[in-house]
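For reference, the chains in residue letters:
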Amino acid sequence: MDTLEIVYYTCVNNECPKHRGVFTEGDPQHERCARERLWLEGQRPAARVPRWILFTVPAFAAAITAGALLLIRFMRVDESKPSSVREDLSMKTWSGSHAQREDREGNTVPPPIS
């Protein structure tokens, strides 16, 4: 048995006296009007995924993966240095290459400038 499907439209022609009115296919009052289909409950087709998401999600995942790999690489480079090099770097002061003395005797604050 064939079922008859009735399609409903909304008039989107601003000059039409029945603007935004609901009509069916073949209505003589809306022959030349711009229209938009009305979907009844349960009739709406499945929503399509926008094209930009199809490109954005893989690009975002690739960027996160690249960032994680770079972070792992930098952490491994620090571990691969010999411990003597790391100790030498930690002993340097901000003002130059003089080693900081941790075994000072007496006051840890230098005397006032005269």
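Right, let's get into the overall build of the protein. Assigned secondary structure in the protein consists of two helices and five strands. When the elements of the protein are put in sequence order from the N terminus, they spell out β-β-β-α-α-β-β. Out of the 114 residues belonging to the protein, those deemed buried represent 7%. Excluding contacts between residues fewer than 6 apart, the proportion of contacts in the protein whose partners are at least 24 apart in sequence is 23%. Carbon and sulfur atoms form 58% of the exposed surface of the protein, whose accessible area is close to 10,900 Å².

Inspection of the entire model under this criterion finds one salt bridge. We note a salt bridge from Glu25 to Arg35, for which the minimum N-O separation is 3.3 Å. Residue Glu25 is located in the loop between strand 2 (22–24) and strand 3 (35–38), and its partner Arg35 is located in strand 3; the two are separated by ten residues in the primary sequence. The class for Glu25 is exposed, based on a relative accessible area of 52%.

On average, residues of the protein score 76 in pLDDT, and 70% of them are at 70 or above. Per-element averaging of pLDDT across the protein places strand 5 (residues 96–99) at the bottom with 52 and strand 1 (residues 8–11) at the top with 88.

On to the side chain of His30. Tracing the chain through its elements places His30 in the loop between strand 2 and strand 3. When near neighbours in sequence (up to four residues on either side) are disregarded, His30 contacts Cys11, Cys16, Lys18, Phe23 and Arg35.

This part takes up the packing of aromatic side chains. A full pass over the atoms with the stated rule returns one aromatic pair. Across the ring face of Trp39, the terminal group of Arg37 is positioned such that the distance to the ring centre comes to 3.9 Å.

Ordered in space as 2-1-3, the three strands form an open sheet in which the pairing is antiparallel. The sheet terminates laterally at strand 2 and strand 3, the two strands that pair on one side only. Neighbour to neighbour, the strand axes of the sheet diverge by 40° on average, direction disregarded. Note: strand 1 against strand 3, four bridges, orientation antiparallel. Across the sheet, residue Thr10 finds its bridge partner in strand 3, namely Glu36.

A cluster of nonpolar side chains, Val49, Leu54 and Phe55, forms an exposed patch at the surface whose accessible area comes to about 350 Å². Here Val49 lies in the loop between strand 3 and helix 1 (51–80).

So, about the side chain of Thr10. If you trace the backbone, Thr10 turns up in strand 1. With a relative accessible area of 7%, Thr10 lands in the buried category. Ignoring anything within four residues of it in the chain, the contact list for Thr10 reads Arg20, Gly21, Phe23, Ala34, Arg35, Glu36 and Leu38.

How each quantity is defined
- Residues numbered from 1 in each chain as written.
- Predicted model: local features only at pLDDT ≥ 70, side-chain atom pairs only at ≥ 80, totals over all residues.
- Heavy atoms only, no water.
- Helix = DSSP H or I, 4+ residues; strand = E, 2+ residues; numbered from the N terminus.
- Buried < 20%, exposed > 50% of the residue type's maximum accessible area, 1.4 Å probe, protein only.
- Contact = heavy atoms within 4.5 Å.
- Areas by Shrake-Rupley, 256 points an atom, 1.4 Å probe, with all protein chains shown as cover.
- Salt bridge = Lys/Arg side-chain N within 4 Å of Asp/Glu carboxyl O.
- pLDDT = per-residue confidence, 0-100.
- Phe/Tyr/Trp six-rings, centres within 6.5 Å; stacked < 30°, edge-to-face > 60°.
- Lys NZ or Arg CZ within 6 Å of the ring centre and 35° of its normal.
- Pairing = 2+ DSSP bridges.
- Axes fitted to C-alpha atoms, helices over the stretch in contact; angles between N-to-C directions.
- Patch = residues over 30% accessible without salt bridge, like charges linked within 9 Å, V, L, I, M, F, W, Y side chains within 5 Å.

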